[in-house]
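Take a look at the letters that make up each chain.
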There are 2 protein chains.
Amino acid sequence: MRVKSEKELTELVTEVLVAAGAEAPNASMVAQHLVLANLSGVDSHGVWHLMGYVKHIQEGQLVPTAQPEVIKETPASVLVSGNWTFGQVAARFTMDRAIAKAKLHDMAIAGLVQSNHIGRVGHYTEMAAAEGMISMICLGGQGNQNPTAVPFGGREAVMHTNPIAMGFPGGDGPPMFFDFATTAVAGVKVVNAQRREQELPAGCIVDKDGAPTTDPNDFFDGGGHLAFGGHKGYALMMAVEYLGRIFVGSDTFINEHRGGIYDRYSGTFMMVLKADMFQPFADFAHTADEMGKRIRQVAPAPGFDEVLVPGDIEAKAREVRRRDGIPIEDDVWETIVQAADAVGIKNI
Amino acid sequence: MRVKSEKELTELVTEVLVAAGAEAPNASMVAQHLVLANLSGVDSHGVWHLMGYVKHIQEGQLVPTAQPEVIKETPASVLVSGNWTFGQVAARFTMDRAIAKAKLHDMAIAGLVQSNHIGRVGHYTEMAAAEGMISMICLGGQGNQNPTAVPFGGREAVMHTNPIAMGFPGGDGPPMFFDFATTAVAGVKVVNAQRREQELPAGCIVDKDGAPTTDPNDFFDGGGHLAFGGHKGYALMMAVEYLGRIFVGSDTFINEHRGGIYDRYSGTFMMVLKADMFQPFADFAHTADEMGKRIRQVAPAPGFDEVLVPGDIEAKAREVRRRDGIPIEDDVWETIVQAADAVGIKNI
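Residues numbered from 1 in each chain as written. Chains lettered and ligands numbered in written order. Predicted model: local features only at pLDDT ≥ 70, side-chain atom pairs only at ≥ 80, totals over all residues. Heavy atoms only, no water.

### Concerning the sheet that holds strand β10 (residues 224-225) of chain A
Residues and elements named next belong to chain A. Under the convention used in this document: The pairing criterion for strands is at least two bridges between them, as found by DSSP. A run of H or I in DSSP becomes a helix once it reaches four residues, and a run of E becomes a strand once it reaches two; helices and strands are each numbered from the N terminus.
The 3 strands are arranged β9-β8-β10 in an open sheet whose pairing can be described as antiparallel. Every other strand in the sheet has two partners, leaving β9 (212-213) and β10 as the edge strands with one partner each. Summarising the sheet, strand β8 (residues 205-206) and β10 pair through 2 bridges and their orientation is antiparallel. Residue pairing across strands places Ile205 opposite His225, the latter belonging to β10.

Written out as structure tokens, the structure reads:
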């Protein structure tokens, strides 16, 4: 294992992406996004993705010099094409515009199509919270060509991990936000369980006949993800599909050479609301902070050390990793070396 | 058990509410709402509530002649006071205005305060879907005076069942909608388990020390609900609290004589979006119907007869109960007889 600083890692990722053909501002934005995921303790959405992005550039799925653009807009809505640039660049552009519109009109709805992998979805809810905005983001459509998640009671995969994120600004206290797959576990956890020859917890996956299993090999042998939380999580997964793909209309913007099997059909929905729509911001923030305190004061149940507000884990990880550096596992480092090598950068 | 027609039951409930002091249009609206819940198979939100409403009127918590009014509005937002009338009357008023605003401005955000029990939350998403609108509704704040749900990893109840509902119109196919408590089970299921001396499934409740239990008596002895789906369901429960109570600002509208311990602090958030914001409605509806078909065609897993889209269960129940009548259990009928008796109606 290696330990790298935020600065070292950001510069390295930027350098590789520029060498792969990205415009410098795009490369820098993507690098900052990935490293912030690692800083937040969400290594599954961090620099581990660099190798995939380089591969997608080389295969032509991702256009590293492209810039997103507005397809259609009204005072409080905007539909954006990512033009198949980096998803982080496209999603940031979209959220920036949604925030600007909400500042003028109290609320905004945005859709993003023709985008590659947008990374950690919670990133964009934090952008909104920093501007005093409540937000909700849903990503659908990844299951159209690459179905991995079965509907409740079914044996055939139709959807994907269909993530949802929501964020709320705080006052003196930190923002409250969450960002999760509506499957019981993220795809990378199944990959890791197989690689490490471990069982998954019960209730995460089914085999090819739709029967519950804990063996990750069954997943890759025609099985699928279960939604978290039974029929309720499944309903939420469906809502994410309806908002992200069906409402945004991403099916009609596909390009058979772009986006790969994950993102060709994917669409992202964003809702942004001014937190002070119905009351002064100070009153909203006071009530939000009071709720955070009320939760954190609850005595922990057996087996727990403390009671957390969603977002606390990421905030704590950032504090520790900004101070002590970001640990990079050997197998992840190896993918970074490969990515660098693929674009002619040796001896990193 | 008795079987009653939609018409019989609606007339009876209306008559009791009018005798309890309600304006006839309010009484009729509440009766239709409750009976539609029974028709939909959601008996927990049906005519069983009549006795409670009569009691709340007699105690002064609910003002049966009051009408809701707009506190504050902009072209695309509205904050409504229910003036402590029936929650169904207040929520319907709020959703009607949100829909009207969304027709003109593509989207609307509404808040409702000073309201009693709004009943089956999915009712209002169906109103929106019937007008070609996507909607989301969150009800928070019921835990302020009557906490029943523990935060993830905690032993002390802070929130309540914090329901969320979302709805999406279809084209030729039916709308997709869901409506659920963010607790693992609704409160009435714990009450029924205790009354029938049954155990609850694992993962639904904790005892007063925060330890998992299946004994409903532990719930009433200082225990609490768990969120459905672990930390993800807990995060959603928190978001419902933030949207329904904190964003809407219901804390600042309380009246110590109204609303009772459930609804004094409660607030309701509604988001309404025109489904054709980014594309013609026919294209949205076509994709939505195609998704419904794709889901219903999935072969069922072992132990399941069919794969359903959220909302299918309610649609099927309506078909059956409109044809065969609404079954009313003896203990529920007894509460209706008591409610009628309390307002001087004998021999129903």
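Here the narrative resumes.
### Some words on the interface of chain A and chain B
How we decide: Working rule for contacts: check all heavy atoms of both residues, and any pair within 4.5 Å makes them a contact. Accessible area that two parts lose when put together, with a 1.4 Å probe and added across both, is what the buried area reports. The salt bridge definition used is simple: a Lys or Arg side-chain nitrogen within 4 Å of an Asp or Glu carboxyl oxygen. Any pair of N or O atoms that falls within 3.5 Å is considered a polar contact. Within protein, one atom must be able to donate a hydrogen and the other to accept it, and sequence-neighbouring residues count only if both atoms are side-chain atoms.
The interface is formed by 77 residues belonging to chain A together with 77 residues belonging to chain B. A combined buried area of about 6400 Å² lies between chain A and chain B, and 75% of that area is made up of carbon and sulfur atoms. Contact with chain B buries surface across chain A, with A:Lys232, A:Phe247 and A:Phe278 losing the most and accounting together for 14% of the total. For the pair chain A and chain B, the number of links is 0 salt bridges. Our enumeration of links across chain A and chain B arrives at 26 residue pairs in polar contact (both at pLDDT 80 or more). Considering every element that reaches the side of chain A that touches chain B, the biggest residue donor is helix α8 (residues 230-247) of chain A, with 13 residues.

### Some details on the side chain of A:Arg120
All names here are of chain A. On the secondary structure map, Arg120 appears in the loop between β4 (107-113) and α5 (122-130). At 2.6 Å, the side chain of Arg120 and the side chain of Glu126 are in polar contact. Apart from the residues within four sequence positions on either side, Arg120 is in contact with His33, Leu36, Ala37, Ser40, Val42, His45, Glu126, Phe177, Asp179 and Arg318.

### Here we look at the sheet that holds strand β2 (residues 69-74) of chain A
All names here are of chain A. How we decide: Every axis in this analysis is a line fitted to C-alpha atoms, fitted for helices over the stretch in contact. Angles between the N-to-C directions lie between 0 and 180 degrees.
Sheet architecture is open: 7 strands sit in the order β2-β3-β4-β11-β5-β6-β7, paired in mixed fashion. The sheet terminates laterally at β2 and β7 (176-180), the two strands that pair on one side only. The sheet shows a mean angle of 10° between the axes of neighbouring strands, direction not considered. Two strands pair when backbone bridges link them, and strand β5 (residues 133-140) and strand β11 (residues 267-274) are joined in this way by 8 bridges, in the antiparallel orientation. Bridge assignment links Ile134 to a residue of β11, and that residue is Leu273. Docked against the sheet, helix α4 (residues 87-105) engages β2, β3 (77-81), β4, β5 and β11, running at close to 160° with respect to β4. α8 rests against β4, β5, β6 (164-168), β7 and β11 of the sheet, and its axis sits at about 90° to β5.

### Some remarks on the packing of helix α3 (residues 50-59) of chain A against helix α12 (residues 330-342) of chain A
Residues and elements named next belong to chain A. Under the convention used in this document: Here roughly perpendicular refers to angles of 65 to 115 degrees, roughly parallel to angles under 35, roughly antiparallel to angles over 145, and oblique to all remaining angles. By the definition used in this description, the sense in which the near helix is turned from the far one sets the handedness, with an anticlockwise turn below a right angle giving left-handed and a clockwise turn giving right-handed.
At a closest axis distance of 8 Å, the pairing of α3 and α12 adopts a crossing angle of 25°. In terms of axis orientation, α3 runs roughly parallel to α12. For the element pair α3 and α12, the recorded crossing hand is left-handed. Two secondary-structure elements touch here, α3 through Leu50, Met51, Val54 and Gln58 and α12 through Thr335, Ile336, Gln338, Ala339 and Ala342.

### As for the confidence of the model for chain A
The following threshold applies: Scored from 0 to 100, pLDDT reflects the predictor's confidence in each residue.
Scored by pLDDT, chain A comes out at a mean of 96, with 100% of its residues at no less than 70. Scoring the predicted complex yields pTM 0.98 and, for the interface, ipTM 0.97.

### So, the domain arrangement of chain A
Interfaces are often sized by the accessible area lost when the parts come together. Residue and element names in this part refer to chain A. The cut-off we apply is this: By convention here, the domain bounds are inherited from an automatic or database domain assignment.
Annotation of chain A at the domain level lists domain 1 (1-65 + 312-348) and domain 2 (70-183 + 227-297). Centre-to-centre, using C-alpha coordinates, domain 1 lies 23 Å away from domain 2. At the interface, 23 residues of domain 1 touch 22 residues of domain 2. Considering only the surface of domain 1 that becomes buried against domain 2, Met29, His33 and Gln61 emerge as the three largest contributors, covering 30% of it.

### Some thoughts on the relation of the copies chain A and chain B
Both copies of the chain are related through a single rotation about an axis accompanied by a shift along the same axis. Our working definition: Least-squares superposition aligns the copies on the C-alpha atoms of those residues with pLDDT at or above 70 in both.
Aligned on chain B, chain A shows an RMSD of 0.0 Å; the corresponding rotation is 180° and the shift along the axis is 0.0 Å. With respect to symmetry, the two chain copies, as superposed, fit the operation of a two-fold axis. Taking the C-alpha atom as reference, chain A places A:Gly229 closest to the rotation axis, 1.9 Å from it. The share of interface residues of chain A whose copies in chain B are also at the interface is 100%, consistent with both copies meeting through the same surface.

### A few points about the pairing of β7(A)
Residues and elements named next belong to chain A. As a reminder of what qualifies: In this scheme, a residue with accessible area under 20% of its type's maximum is buried, one over 50% is exposed, and one in between is partly exposed, where area comes from a 1.4 Å probe on protein chains only.
Of all the 5 residues making up β7, 4 are buried; the element is thus mostly covered by neighbouring parts of the structure. For β6 and β7, the ladder comprises 5 bridges, and the chain directions are antiparallel. By the bridge assignment for β7, Ile164 is matched with Phe180.

### Comments concerning empty space enclosed by the protein
Heads up, the condition is: Cavities and pockets are found on a 1 Å grid laid over the protein atoms alone: a cavity is a set of points where a 1.4 Å probe fits but cannot escape, a pocket is an open set with protein on both sides within 12 Å along at least five of seven lines, and a lining residue has an atom within 4 Å of such a point. Grid points are joined across faces, edges and corners, and a volume is the space filled by probe spheres set on the points.
In this structure the tally under the stated criterion is 2 cavities of 30 Å³ or more. In this structure, the largest cavity encloses a volume near 40 Å³. Around the largest cavity sit B:Leu112, B:Ser115, B:Asn116, B:His117, B:Ile118, B:Leu139, B:Gln142, B:Asp263, B:Ser266, B:Gly267 and B:Thr268, which together line it. Taken together, A:Met107, A:Ala108, A:Ile109, A:Met271, A:Val272, A:Leu273, B:Met107, B:Ala108, B:Ile109, B:Met271 and B:Leu273 make up the full set of residues lining the second largest cavity. At the level of elements, β4 and β11 of chain A together with β4 (107-113) and β11 (267-274) of chain B are the ones that each hand at least two residues to the lining of the second largest cavity.

### Section: helix α3 (residues 50-59) of chain B
Residue and element names in this part refer to chain B. Defined as follows: Our arc is simply the arc of the directions from the helix axis toward the C-beta atoms.
Residues of α3 that are buried: Leu50, Tyr53, Val54 and Ile57. Seen from one end, α3 has its buried residues packed into an arc of 100°, which puts them on one side. Packing partners of the buried residues in α3 comprise α1 (6-19), α2 (24-39), α4 (87-105) and α12 (330-342). Where α3 terminates, the next one or two residues include Gly60, which has phi positive at roughly 85°.

### A closer look at the packing of aromatic side chains
Test applied: Pairing of aromatic rings covers Phe, Tyr and Trp, the last counted by its six-membered ring, and requires centre-to-centre distances within 6.5 Å; plane angles under 30 degrees mean stacked, over 60 mean edge-to-face, and any other angle means tilted. Geometrically, a lysine NZ or arginine CZ counts as sitting over a ring once it is within 6 Å of the ring centre and also within 35 degrees of the ring normal.
Evaluated as defined, the whole model comprises 19 aromatic pairs over all chains. Their ring planes at 70° and their centres at 5.3 Å tell us that A:Phe180 and A:Phe228 sit as a pair that is edge-to-face. Remark: A:Phe228 occurs in the loop between β10 and α8 and A:Phe180 occurs in strand β7; sequence separation between them is 48 residues. Assigned by exposure class, A:Phe180 and A:Phe228 land together as buried. Considering the side-chain rings of B:Phe247 and B:Phe269, the 5.8 Å spacing of their centres and the 70° angle between planes classify their relative orientation as edge-to-face. In this pair, B:Phe247 sits in helix α8 (residues 230-247) while B:Phe269 sits in strand β11, placing the two residues 22 residues apart along the sequence. Per residue, the accessibility class of B:Phe247 equals that of B:Phe269, and both read buried. Put simply, the rings of A:Phe178, A:Phe180, A:Phe228, B:Phe178, B:Phe180 and B:Phe228 pair up and form one aromatic cluster. Looking at A:Arg97, its charged tip hangs above the ring of A:Phe93, at a distance of 3.6 Å from the centre.

### A closer look at the packing of α8(A) against helix α10 (residues 281-296) of chain B
How we decide: Any residue outside Ala, Val, Leu, Ile, Met, Phe, Trp, Tyr, Cys, Pro, Asp, Glu, Lys and Arg is labelled polar, Gly included; the first ten of those are nonpolar and the last four are charged.
Relative orientation of the contacting elements α8(A) and α10(B) amounts to 145°, with a least axis distance of 10 Å. Here the hand of the crossing between α8(A) and α10(B) comes out right-handed. Between α8(A), through A:Tyr234, A:Met238, A:Glu241, A:Tyr242, A:Arg245, A:Ile246 and A:Phe247, and α10(B), the contact on the second element is made entirely by B:Phe284, B:Thr287, B:Ala288, B:Met291, B:Gly292, B:Arg294 and B:Ile295. Of the residues contributing to the contact of α8(A) with α10(B), the split by class is 9 nonpolar, 2 polar and 3 charged.

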